[in-house]
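# Observations on chain architecture
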Amino acid sequence: MYKANDDRYKNMQYRRCGRSGLKLSALSLGMWHNFGSRDNYDNMADMVKAAFDGGITHFDLANNYGPYPGSAEENFGRILKNELSPYRDEIIISTKAGYEMWDGPYGNWGSRKYLVSSLDQSLRRMGLDYVDIFYHHRPDPETPMEETAAALDYIVRSGKALYAGISNYSPEQTKKMAGIMRRMGTPLVIHQMRYNMYDRLFEGRLENVLSYEGIGSIAFCPLAQGLLTDKYLKGIPEGSRATKSVFLTPDKIKDEQLKKTAALNELAKERGQSLAQMAVAWNLRGGLTSVIIGASRASQIVENIKALDNMKFSDDELNKIEEILK
Ligand SMILES: NC(=O)c1ccc[n+]([C@@H]2O[C@H](COP(=O)([O-])OP(=O)(O)OC[C@H]3O[C@@H](n4cnc5c(N)ncnc54)[C@H](OP(=O)(O)O)[C@@H]3O)[C@@H](O)[C@H]2O)c1
């Protein structure tokens, strides 16, 4: 049986999630890719163990991660049972519902029927009594926000989840949802949004709403799915995400962006970091609670955690980054 590294908490940072009692590791591991039914069990288990050994306590899932949808939760459940069961109380597990999961009118969006049924399915797939964080994955334009909020409130009060979060909500939707949830007595604890050097939508209005409401912020795709690493600088490597995912197809890798990536890569070298490490450190330079990295192998996780070795940016470096990104 796996025994976790005794020093795992020494080098990781744990950041408070908004004004809640919950702290998250500055890096979290997400299972959107590479944890599906076609993926190798040993490689998946190695990634989870490398993350936990490096101080990552937070693992991010969703009902639909796979393919097939649900298989990432099944695989993570297997890894938990086989490797990590003694450590359940040291781990934060999140899952979500909001995208299409099953046929008919109850397998998508934000109704109480969908959210509660979906979480029950997720718990069965992972073999868990509860998850730590349950998210509404995206806003539903048709279901009243009060109903979605009441479902999250019920889910927390019933003990199926300890905390509630939202993802992909606009600043205005976040403000409204935060007010409803606060009045219900189950404050929103976290908002999950895309944020990286190439996608800055979080900055400004959403950042301000979260700070004002005391809600934590966790960024997905901090490496822009691999575009903020040196991986695509010399072409598209066999087996990389761009060769196998509908979410990053070769036509999305543009020469103009590669030029920027090459310049960022040089700056990272000057800082004594890989570009992946600099991208993680840059995301964490402000008040973000955590970044959710993805990975296809354990060595990437080990490399990315080392971002914490150099988190400081001089004004000159920050200006150079903005200049490159212009
Ligand atoms: N809430 C939402 O709507 C939402 C949406 C998207 C994602 N998420 C969450 O965010 C998580 C992370 O998303 P993501 O996987 O797109 O994150 P990401 O960190 O931007 O990209 C991960 C990919 O980058 C490459 N990579 C990672 N480290 C590397 C390194 N050191 N050197 C070279 N390449 C490296 C790997 O690609 P290769 O596979 O090519 O090796 C890896 O699969 C997801 O798993 C999910 O939990 C949430």
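Residues numbered from 1 in each chain as written. Predicted model: local features only at pLDDT ≥ 70, side-chain atom pairs only at ≥ 80, totals over all residues.

## Some thoughts on the overall build of the protein
Across its full length, the protein carries 10 helices and 10 strands. For 326 residues, the compact-globule estimate of 2.2 N^0.38 gives 20 Å, and the protein sits close to it at 19 Å. Principal-axis analysis of the C-alpha atoms places the extent of the protein at approximately 50 × 45 × 40 Å. Within the span of the protein, comprising 326 residues, buried residues form 43% of the whole. Considering only contacts within the protein whose residues lie at least 6 apart along the sequence, 77% involve residues at least 24 apart. (Helix = DSSP H or I, 4+ residues; strand = E, 2+ residues; numbered from the N terminus. Rg over C-alpha atoms; globule rule 2.2 N^0.38 Å. Buried ≥ 20, exposed ≤ 12 C-beta atoms within 10 Å, placed from the backbone. Contact = placed C-beta atoms within 7 Å.)

## Thoughts on the UniProt feature "domain: NADP-dependent oxidoreductase" (unreviewed entry) in the protein
Taking the numbering used here, the UniProt-annotated feature "domain: NADP-dependent oxidoreductase" (unreviewed entry) corresponds to residues 27-325. Helix makes up 41% of residues 27-325 and strand 14%, and the two end C-alpha atoms of the span are 24 Å apart. (UniProt positions renumbered as here; feature names shortened; annotations may be inferred.)

## Digging into the nonpolar core
Formed by 87 residues in total, the largest nonpolar core has its most connected members in Phe-134, Ile-155, Ala-161, Ala-164, Ala-279 and Val-280. Broken down by element, the residue count for this core peaks at seven residues, all from helix H8 (residues 275-283). Those residues in contact with Ile-155, other than ones at most four positions away along the chain, are Leu-115, Val-116, Leu-119, Phe-134, Lys-160, Ala-161 and Ala-164. (Core = buried A, V, L, I, M, F, W, Y, C linked by C-beta atoms within 7 Å.)

## Quick look at the pairing of strand S6 (residues 131-136)
With six of six residues buried, S6 lies mostly within the body of the structure. In this structure, strand S5 (residues 92-97) lies alongside S6, joined through four bridges in parallel fashion. Counted as the bridge partner of Thr-95 is Phe-134 from S6. Running through helix H3 (residues 112-126), the crossover from S5 to the neighbouring parallel element S6 is right-handed. In this sheet, strand S7 (residues 161-167) lies alongside S6 in parallel orientation, the contact comprising five bridges. The partner of Tyr-135 across the bridge, within S7, is Gly-165. As a crossover connection, the stretch from S6 through helix H4 (residues 145-157) into S7 is right-handed. (Pairing = 2+ DSSP bridges. Right-handed = clockwise from strand over helix to strand, strands pointing away.)

## Overview of the site of the ligand
Among the 29 residues in the neighbourhood of the ligand, the closest are listed as Gly-30, Trp-32, Phe-220, Gly-294 and Ser-296. Put simply, the parts of the chain that give the shell around the ligand at least two residues each are strand S10 (290-293) and helix H9 (298-305). Among the elements that line the shell around the ligand, the one with the most residues is H9, at three residues. The residue inventory of the shell around the ligand, partitioned by class, reads 11 nonpolar, 14 polar and four charged. (Near = placed C-beta within 6 Å. Nonpolar A, V, L, I, M, F, W, Y, C, P; charged D, E, K, R; others polar.)

## Topic: the packing of helix H1 (residues 41-53) against H9
Where H1 contacts H9, the two axes come as close as 8 Å, and the packing angle between them is 20°. With respect to H9, the element H1 is oriented roughly parallel. In this structure, the crossing between H1 and H9 has a hand that is right-handed. Contacts between H1 and H9 involve Asp-46, Met-47, Ala-50 and Ala-51 on the former and, on the latter, Ala-298, Ile-301 and Val-302. Here the contact of H1 with H9 is built from residues that sort into six nonpolar, no polar and one charged. (Axes fitted to C-alpha atoms, helices over the stretch in contact; angles between N-to-C directions. Parallel < 35°, antiparallel > 145°, perpendicular 65-115°, else oblique. Left-handed = near helix turned anticlockwise from the far one by under 90°.)

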